[in-house]
Amino acid sequence: DKCLTCPDTIYCDGKDAVGVTNGTWRFDSWSNKALTCLNTDACLGSILGDRNKSNLYCKELYNETFCYTGWRSERFRGNYCSQCASGYAPSGSTNCVACSGNPWYYILIVLICIGATGFIVFTVRNALNKKAPKKGEGIDSKKISIMIKIFTNYIQLVSIVSSFSFQWPDQVDSLFATSNTVSQSTTQVFSIDCIFQTTINNKFDIRPFFLKLIFISIAPMIIGLISVVVWFIIFRVKYKANWLADKQLLKSNIITTLVIILFLLHTTILQTNFFSFRCKNIGDTERIHWYLEKDLEIACWESEHWQYLFFVAIPSLLVWGFGTPLFALFIIRANKTNLDDPGFKGKLGFLYDGFKKDVYFWEFVILYRKIAMVFISVFLSSIGITFQALAIILVAFFGYLLQLHYIPYEDDTLNKLEKSSLVNATLTLYCGLYFTSGSLPAVLNYLLIVIIFIVNVNFMVLWLRELLREVFQVVRDFLDKRKKANQVVPIKDEEDAELKEEPKSPRAEVLKPP
């Protein structure tokens, strides 16, 4: 019964022809709130213009050329223009690429699988190397495994920081995209949407997010089963008929592999399951419509959503997110006097190798610190981005104080790397807070970008330098051993030489006196 002032993002053409401008979208014709699309190129506004209508999509039409909710390009569908149309698959966080005639998509999936498998194999081999150096004989090869673990923690930390809804500049987004590709490689392996469209999605009515949630939740069991089969095959080929002679070694290798796999998947499992609870209002203040933020076609708190929460997300969090790490901590604590026992260390040594004897639990401190950060990044977003960022900074700062107090690693280089990762995350978040204020002076904007680049590149350079130093040391030690093995030992006198060169008679060997 009254006329309202037309907001900037709403297109008003008189009477009831109310739509949206380019780059925005609204829930329906009654909504007075337009949302900026994640990919502004996907949302074409309400006026069709000279575009070909057959390739576009409209949720609610006014007439043949005017769309109340805004036209969407051929690659995008759904609420917020956030879903890929049939025949397209997500690429990055906001883009969609064609499945057919696009071999690069499948090549990328294969490369990610190969890279993830190679990384797991390399980490497992280093963790299973039980040789420790004698004093003055090079380095402990397990140090490389510990450095890989620190790097993985750092990449996961960057992934958590980049998930904040700061208005990151494009340069910073590019930096985070590289880190996220590594951190979320396991997620991408299970997000082969083109394959899902032609197999599962065409046969079963299931949303891609729910499909990914199921796969991520059962991933530890699938990869664990594959690991068991692989180890059985390795032992069968290596030891042939006696392949079950050393069952303890086989069991130890399997447990170590399972521990490493769960460690690598843990953050991905947490984020995916936590995001199944994170909903967003895509309506307005009068007509609230809650939809899942990671899949805006899923209505929150409806029967389907509750089913996946109760039967998939919550059990996965209880078992993989909290229960398994806590169980491992109890086992290690119960055996804290036997941490150097070869049998026990062969199974769970990956979780405490490199730490001081009285700080054997430090890996779990890092683990639950990440859990706290993921929880804050997912559940506190509704309170406000500033409060959320300050809570994460507080967690990182508290972790830094604990690091200074305990100095948990036996090697000073590892302590230096751990401190650097925490400082970098804190500074990155602090700089990100400035971007939430909107437009910044150009000088300050570039200064913040430079600071973020310097602190993150500094860690990468520091870590890579130390890793190369350790690798070169391992290579030098190997070459020295080969050189010593090939050296000819001089014979003291000719008589010894004759004895050594004289061939032994088979008969003399048989008649050799006792």
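Throughout this description, residue numbers start from 1 for each chain and increase along the sequence as written. Thresholds applied to this predicted model are a pLDDT of at least 70 for local features of residues and 80 or more for the giving and counting of side-chain atom pairs; totals over whole chains, interfaces and linings are not thresholded and use all residues. Only hydrogens and water are removed before side-chain values are computed, so all heavy atoms of the structure are retained for them.

Undergrad: Quick rundown of the overall build of the protein? Include the residues and the values.
TA: Per the convention used, a helix needs a DSSP run of H or I reaching at least four residues, while a strand needs a run of E reaching at least two, with both numbered from the N terminus. When helices and strands are tallied, the protein shows 16 helices and 13 strands. Buried residues in the protein amount to 45% of all 514 residues. Put simply, the protein shows about 28,600 Å² of open surface, and 62% of that area lies on carbon and sulfur atoms. Type-normalised accessible area, obtained with a 1.4 Å probe on protein chains alone, sets the label of each residue: buried when under 20%, exposed when over 50%, and partly exposed for intermediate values. Accessible areas in this description were obtained via Shrake-Rupley with a 1.4 Å probe; residue shielding takes into account the shown protein chains only.

Undergrad: Explain empty space enclosed by the protein to me, and be specific about the residues and the numbers.
TA: Buried and open spaces are told apart on a 1 Å grid over the protein atoms alone, a cavity being a set of points where a 1.4 Å probe fits but cannot get out and a pocket being an open set with protein on both sides within 12 Å along at least five of seven lines. Residues with an atom within 4 Å of a point are the lining residues. Grid points are joined across faces, edges and corners, and a volume is the space filled by probe spheres set on the points. Per the counting criterion, the structure on display carries three cavities of 30 Å³ or more. Taken as a whole, the largest cavity spans an internal volume of roughly 60 Å³. Lining of the largest cavity is provided by Ile-150, Asn-153, Tyr-154, Leu-157, Arg-369, Lys-370, Glu-418 and Ser-421. For the lining of the largest cavity, the element with the highest residue contribution is helix α2 (residues 142–162), accounting for four residues. Looking at side-chain class alone, the lining of the largest cavity contains three nonpolar, two polar and three charged residues. Three classes are used: nonpolar for Ala, Val, Leu, Ile, Met, Phe, Trp, Tyr, Cys and Pro, charged for Asp, Glu, Lys and Arg, and polar for all others, with Gly counted as polar.

Undergrad: Please set out the sheet that holds strand β13 (residues 295–299) residue by residue, giving values where relevant.
TA: When DSSP finds at least two bridges between two strands, those strands are taken to pair. The three strands lie next to each other as β11-β12-β13, forming an open sheet whose pairing is antiparallel. A strand with exactly one partner marks an edge of an open sheet, and here the two such strands are β11 (279–281) and β13. The average undirected angle you get between the axes of adjacent strands in this sheet is 50 degrees. Bridge count for strand β12 (residues 290–292) against β13 is two bridges, and the pairing is antiparallel. Opposite Tyr-291, over in β13, you have Ala-299 as the bridge partner. Axis lines are fitted to C-alpha atoms, over the contacting stretch for helices. Their N-to-C directions set the angle, which ranges from 0 to 180 degrees.

Undergrad: Can you tell me about helix α11 (residues 362–379), naming the residues and giving the values?
TA: Note that an α-helix has 3.6 residues per turn; residues three or four places apart therefore point the same way. Every helix has an expected span of 1.5 Å times one less than the residues it contains. Relative to the 26 Å expected for 18 residues at 1.5 Å per residue, α11 spans 26 Å between its end C-alpha atoms, a close match to the ideal helical length. Of all 18 residues that make up α11, 13 are buried, and the element is covered over most of its length.

Undergrad: Provide a residue-level description of the environment of Tyr-88, including the pertinent values.
TA: Its location among the elements puts Tyr-88 in strand β9 (residues 88–91). Remark: the alpha-carbon pair of Tyr-88 and Glu-74, spanning 14 residues in sequence, is separated by 9.6 Å.

Undergrad: Could you give an account of the state of the cysteines, naming the residues involved and the relevant values?
TA: Note on terminology: disulfide denotes any pair of cysteine sulfur atoms within 2.5 Å. Overall, the coordinates contain three disulfides when judged by the stated rule. Residue pairing for Cys-37: its cysteine sulfur links by disulfide to Cys-43, the two sulfurs lying 1.8 Å apart. Taking the torsion about the sulfur-sulfur bond, which here is approximately -100 degrees, the covalent link between Cys-37 and Cys-43 counts as left-handed. Across the pair, exposure class does not vary: Cys-37 and Cys-43 are buried alike. Through a disulfide, Cys-58 is tied to Cys-67; the S-S separation comes to 2.1 Å.

Undergrad: If you had to explain the confidence of the model for the protein to someone new, which residues and values would you point to?
TA: The pLDDT value tells you how sure the predictor is about a given residue, anywhere from 0 up to 100. The share of residues in the protein with pLDDT of 70 or more is 82%, and the mean pLDDT across the chain is 79. Throughout, a contact is declared for two residues whenever any of their heavy atoms are within 4.5 Å. Below a pLDDT of 50 lies the segment residues 131–139, which in the model reaches 13 contacts outside its immediate sequence neighbourhood of four places, other chains included.

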